Amino acid sequence: MARTKKGRDIHGVFLLDKAQGMSSNAIMQRVKHLFNAKKAGHTGALDPLATGMLPICLGEATKFAQAMLKADKRYLVTAKLGERTDTSDADGKIVQIRPVNCDLNAIHSTLPYFRGELLQVPTMFSALKYQGKPLYEYARQGIQIEREGRPITIFELKFIDWQSPFLTLEIHCSKGTYIRTLIDDLGEHLGCGAHVTMLRRLAVADFKPTQMLTLAKLEAMKAKLPAEDFSELDALLLPIDSCIAHLAPLHLTAEQTHAIQFGQRVKFENSQNLNGQVRLFTSDNYFLGIAEIDNDIIMPKRLVMYAKME
């Protein structure tokens, strides 16, 4: 017999301002505990060295976490030039030291090479899987795996500061971009090597940085509340569909809602000329899930289980 999961049926997205040092999974488990949620998941890990925005999905919001993995992201990064490490960040071992002979003009001349569409070979110290195991497990055993380059897009690579040997940049990038690898490649292009010493994720998709809260503040809020009172914490949660806010909304009639909730395809008058994926809502604005629109047919794809029946 399957065990019943402990915790509350609470649904939404919590925007965590991750502190340095903890793993994304460890901090996600802590947030899950504070909310006493049955189910939780994060939307793309940050390295222990990194800080900043980590959206954590609770309950039915976990069904849409994949959308955040595919979303654009923005980072602030500081690199130390002249030193290359085995992990391409300050948590690794220094494997090469070279003089920093580049100046500000050389840096500005190099940055255009790392804008636009690129082919990036992921670092061995990544969570990408090979034969069912993350690459970092092979790396820790000293095993090198042949990796293919993956297409990424650097929408913006903005110079912020240069205080030799430290270079600070702001990066707006597509999904799958490894900032550590980008910095390592940039250091090689400059002929001196480089590694990440500070990395902060500023934004994920359209989430606002002002909506973030640290774990320490969340813990302080919960400590002031009675054991079974989660009202102030629940008020921090963003709606389930905030993960997919880029999708057009479509409101259904009571009859359409009933059919959709039973997984049926529904014919409708496509007056908005919708196409592709949409967010579905009841007539009184309860979120139902996502569907695929094909001409005048609504095909349910992923539905939430809490939605109100009309």
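Computed from a predicted model, the values in this text were never measured in an experiment.

Scoring rules and cut-offs
Residues numbered from 1 in each chain as written. Predicted model: local features only at pLDDT ≥ 70, side-chain atom pairs only at ≥ 80, totals over all residues. Heavy atoms only, no water. Helix = DSSP H or I, 4+ residues; strand = E, 2+ residues; numbered from the N terminus. Buried < 20%, exposed > 50% of the residue type's maximum accessible area, 1.4 Å probe, protein only. Contact = heavy atoms within 4.5 Å. Areas by Shrake-Rupley, 256 points an atom, 1.4 Å probe, with all protein chains shown as cover. Salt bridge = Lys/Arg side-chain N within 4 Å of Asp/Glu carboxyl O. 1 Å grid on protein atoms, 1.4 Å probe; cavity = no way out; pocket = protein on both sides within 12 Å on 5 of 7 lines; lining within 4 Å. Points joined across faces, edges and corners; volume = space filled by probe spheres on them. Nonpolar A, V, L, I, M, F, W, Y, C, P; charged D, E, K, R; others polar. Polar contact = N/O pair within 3.5 Å; in protein donor to acceptor, adjacent residues only side chain to side chain.

Novice: Requested: an account of the overall build of the protein, with residues and values cited.
Specialist: When helices and strands are tallied, the protein shows eight helices and 18 strands. Burial statistics for the protein: of 310 residues in total, 46% are counted as buried. For the protein, the proportion of contacts with a sequence separation of at least 24, taken over those separated by at least 6, is 68%. Here the protein has roughly 16200 Å² of accessible surface; of this, 50% comes from carbon and sulfur atoms.

Novice: Lay out the pattern of salt bridges in plain terms, naming residues and giving numbers.
Specialist: Tallying each qualifying case throughout the model produces 15 salt bridges. Residues Lys38 and Asp9 are paired through a salt bridge, measuring 3.5 Å at the closest nitrogen-oxygen approach. Within this pair, whereas Lys38 is found in the loop between α1 (24-35) and β2 (40-42), its partner Asp9 is found in the segment before β1 (12-18), the two being separated by 29 residues in sequence. Residue classification places Lys38 among the partly exposed positions, given a relative accessible area of 25%. Residue classification places Asp9 among the exposed residues on the basis of a relative accessible area of 57%. Measuring nitrogen to oxygen at the nearest pair gives 2.9 Å for the salt bridge that ties Arg200 to Asp17. Taken together, the positions of Arg200 in strand β12 (residues 194-204) and Asp17 in strand β1 put the pair 183 residues apart, joining distant regions of the chain. Given a relative accessible area of 16%, Asp17 falls into the buried group.

Novice: How would you summarise the layout of surface pockets if you had to cite specific residues and measurements?
Specialist: If you add up the space inside the second largest pocket, you get close to 470 Å³. Together, 23 residues line the second largest pocket, and Ala67, Met68, Cys243, Ile244 and His246 are the ones closest to its centre. For the lining of the second largest pocket, the secondary-structure elements that each account for two or more residues are α2 (65-69) and β18 (297-303). Sort the elements by how many residues they give to the lining of the second largest pocket and α2 lands first, with three residues. Here the lining of the second largest pocket is built from residues that sort into 12 nonpolar, five polar and six charged.

Novice: Talk me through the side chain of Thr177; I want residue IDs and the actual numbers.
Specialist: Tracing the backbone shows Thr177 in the loop between β11 (166-173) and α5 (179-190). On the accessibility criterion, Thr177 (11% relative accessible area) is buried. At 2.9 Å, the side chain of Thr177 and the backbone oxygen of Ser174 are in polar contact. Aside from chain neighbours lying at most four places away, what touches Thr177 is Gln120, Ile152, Thr153 and Ile154.

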